[in-house]
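Listed below are the residues making up each chain.
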Amino acid sequence: MFVTISFLAITLSAALTSPISVPVTTAPNVLAEQVVASRAAGSVPNRDADVRSLLETVNARRTAQGLAPLQLEPRLCAIAYAHAADMVIRSYFDHNTPEGISPFGRMDRAHYAYGYAGENIALDQSEAAAELALWHSPEHRDNMLGSHYVRVGISAVTSHDGVIVVEDFSD
């Protein structure tokens, strides 16, 4: 885990990538169903304006490097949201759930096919601060600028400690 301490906030962030495909599992995604039900109840709303801002910033950074912009993928957004909301509901901050389910496991459970995949997570006082912390981390920046990535799912939710951002990338 990458940790940066600033004067105004504690920033926690982590990056994870995998250049391999994992076979799709047929196991039901009970956790995602619980999170969707929770969202419907309004307990963990997605910060849609922050999602748009994060996408615009990532794509501006990619364009400045001569890379194609990422396309916002609704299924990856749902996977990212389910993980962000789960971290809020169960009070943890990690790529893996307490049961050990990785980002790639979550994608597999959602029957989302990929060849390359990666995830950035951040916790900070605002979406802008989280984005900046991600950008200043080489591992996170590698995910944002990965030429093999063409799709992204983004979620931003409010937690007790600030804003949790999840960015899931795929080819």
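Heads up: these notes are all about the structure in this document. (Residues numbered from 1 in each chain as written. Predicted model: local features only at pLDDT ≥ 70, side-chain atom pairs only at ≥ 80, totals over all residues. Heavy atoms only, no water.)

### Comments concerning the packing of aromatic side chains
Here is step 1: This structure, assessed with the given rule, holds 2 aromatic pairs.
Here is step 2: On the basis of an interplanar angle of 40 degrees and a centroid distance of 6.3 Å, the ring pair of phenylalanine 104 and tyrosine 114 is categorised as tilted. Of the two residues, phenylalanine 104 sits in helix H4 (residues 103-109) while tyrosine 114 sits in the loop between H4 and strand S4 (117-124), which places them 10 residues apart along the sequence.
Here is step 3: Exposure remark for phenylalanine 104: the relative accessible area of 10% places this residue in the buried category.
Here is step 4: The ring of tryptophan 135 has arginine 141 lying over it, and the distance from NZ or CZ to the ring centre is 5.5 Å. (Phe/Tyr/Trp six-rings, centres within 6.5 Å; stacked < 30°, edge-to-face > 60°. Helix = DSSP H or I, 4+ residues; strand = E, 2+ residues; numbered from the N terminus. Buried < 20%, exposed > 50% of the residue type's maximum accessible area, 1.4 Å probe, protein only. Lys NZ or Arg CZ within 6 Å of the ring centre and 35° of its normal.)

### Brief notes about the pairing of strand S5 (residues 151-159)
Here is step 1: Among the 9 residues in S5, 7 count as buried, and that is most of the element.
Here is step 2: One ladder, built from 2 bridges, connects strand S3 (residues 71-72) with S5; its direction is parallel. Bridging across to S5, leucine 72 finds its partner in valine 152. (Pairing = 2+ DSSP bridges.)

### Considerations on the nonpolar core
Soluble globular proteins tend to pack their nonpolar side chains together in the buried interior.
Here is step 1: Of all hydrophobic cores here, the largest spans 17 residues; its most connected members are Leu70, Met144, Val152, Ile154, Val165 and Phe169.
Here is step 2: At the level of secondary structure, the elements contributing two or more residues to this core comprise helix H2 (48-64), helix H5 (127-135), S5 and strand S6 (162-170).
Here is step 3: The greatest single-element share of this core, amounting to 4 residues, is contributed by H2.
Here is step 4: With residues up to four places along the chain from it excluded, the contact list for methionine 144 reads Val58, Arg62, Asn120, Leu134, Trp135, Glu167 and Phe169.
Here is step 5: By size, the runner-up hydrophobic cluster in this structure holds 14 residues, among which are Val44, Ala84, Tyr92 and Ile164. (Core = buried A, V, L, I, M, F, W, Y, C linked by side-chain atoms within 4.5 Å. Contact = heavy atoms within 4.5 Å.)

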